[in-house]
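Each chain, letter by letter, is given below.
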Amino acid sequence: MKNIKDLIYKLKQINSLSIIDNGENNTIKILPSVYTRKVKIKIFGNNNTVEISDNSYLHNVHIRIGFPDCPIDNCLVKIGADTSFNSTEIQLGESESSVIIGDNCMFSFNIEITCTDTHSVLDLEGNLLNRGENITIGNHVWVGKEAKILKNTSISDNCIVAQNSIVTKKFDTKNAVIAGNPAKIVKENINWVKTRPQLISNSKREN
């Protein structure tokens, strides 16, 4: 782990990374192999952690833990190795919540990962009904353009979340395509690779 002030000093000289730490005992761990461009990390509260693992690629990413008018504590954002983002917002707004993303994932453009609602839903006795806790995304998950992943959800390994989908529940099935609003499984027994489709077609013709 690195002191946040030391981390800012070292990374500002080679990367586009800005950090706001408005609290105490917050920890940010970013390994030297991580690429950051137009990345903002804002923390309002105490004892929160952000971890970004080897060889991840973060472009135009905004990680927010808490709000100026609502600081939160003991939260975790963890991003696995070899995971890439192109314009993603990750937001946590309640204490003890987490967003955990596995290895070798790929996030397209304008993705929202929101582990909270910004306002409360109550029953008639005043009890909170929309508590936000955790979001878990497995290994080797591809999330399509403008998808939204909401609070208290999970996505298993080797899945695809289709473009414009809104994920509102837990999906335990691996190797599935998840699509729609609200998202559901529309295809199973699939996998995906980063190779472009035409190159796969060319390879099969040559064989």
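Procedures and definitions
- Residues numbered from 1 in each chain as written.
- Predicted model: local features only at pLDDT ≥ 70, side-chain atom pairs only at ≥ 80, totals over all residues.
- Heavy atoms only, no water.
- Helix = DSSP H or I, 4+ residues; strand = E, 2+ residues; numbered from the N terminus.
- Rg over C-alpha atoms; globule rule 2.2 N^0.38 Å.
- Contact = heavy atoms within 4.5 Å.
- Areas by Shrake-Rupley, 256 points an atom, 1.4 Å probe, with all protein chains shown as cover.
- Lys, Arg positive; Asp, Glu negative; His and termini not counted.
- Charge placed at Lys NZ, Arg CZ, Asp CG, Glu CD.
- Pairing = 2+ DSSP bridges.
- Core = buried A, V, L, I, M, F, W, Y, C linked by side-chain atoms within 4.5 Å.
- Buried < 20%, exposed > 50% of the residue type's maximum accessible area, 1.4 Å probe, protein only.

Draft legend 1. Quick peek at the overall build of the protein. Secondary structure assignment for the protein yields two helices and 19 strands. In terms of C-alpha radius of gyration, the protein reaches 18 Å, essentially the compact-globule figure of 17 Å for 207 residues. Relative to all contacts within the protein whose residues are 6 or more apart in sequence, the contacts with residues 24 or more apart total 32%. Carbon and sulfur atoms make up 46% of the accessible area of the protein, which amounts to about 11,200 Å² in all. When the 24 basic and 22 acidic side-chain charges of the protein are each reduced to a single mean position, those positions are 9 Å apart.

Draft legend 2. Spatial organisation of unusual backbone geometry. Note that the residue after Asn-181, namely Pro-182, is joined by a cis bond; omega there is -5 degrees. The phi dihedral of Lys-38 is positive, around 55 degrees, even though this residue is not glycine. In this structure, Lys-38 sits in strand 3 (residues 35–44). Although it is not a glycine, Asn-60 adopts a positive phi angle of roughly 55 degrees.

Draft legend 3. How the structure looks around the sheet that holds strand 2 (residues 27–30). Pairing within the open sheet is parallel, and its seven strands lie in the order 2-4-6-8-11-14-17. The sheet terminates laterally at strand 2 and strand 17 (170–171), the two strands that pair on one side only. Here four bridges tie strand 2 to strand 4 (residues 49–52), and the two strands are oriented parallel to one another. For Ile-28, the partnering residue across the bridge sits in strand 4 and is Val-50.

Draft legend 4. Spatial organisation of the nonpolar core. The biggest cluster of nonpolar side chains holds 42 residues, and the ones touching the most others in it are Ile-41, Ile-101, Ile-113 and Ile-137. It is strand 5 (residues 57–65) that provides the largest number of residues to this core, a total of four residues. Beyond its immediate chain neighbours, meaning those up to four positions away, Ile-113 contacts Thr-88, Glu-89, Ile-90, Gln-91, Val-99, Ile-101, Phe-107, Ile-135, Ile-137 and Ile-149. Counting five residues, the second largest nonpolar core, distinct from the first, contains Ile-160, Val-177, Ile-190 and Trp-192.

Draft legend 5. View of the environment of Ile-79. Here Ile-79 is to be found in strand 6 (residues 76–79). With relative accessibility at 0%, the residue Ile-79 sits in the buried group. When the C-alpha positions of Ile-79 and Val-50 are compared, they lie 8.2 Å apart, and in sequence the two are 29 residues distant. Discounting chain neighbours no more than four positions away, the residues touching Ile-79 are Glu-51, Ile-52, Ser-53, Ser-56, Leu-58, Ile-63, Phe-85, Ile-90 and Ile-101.

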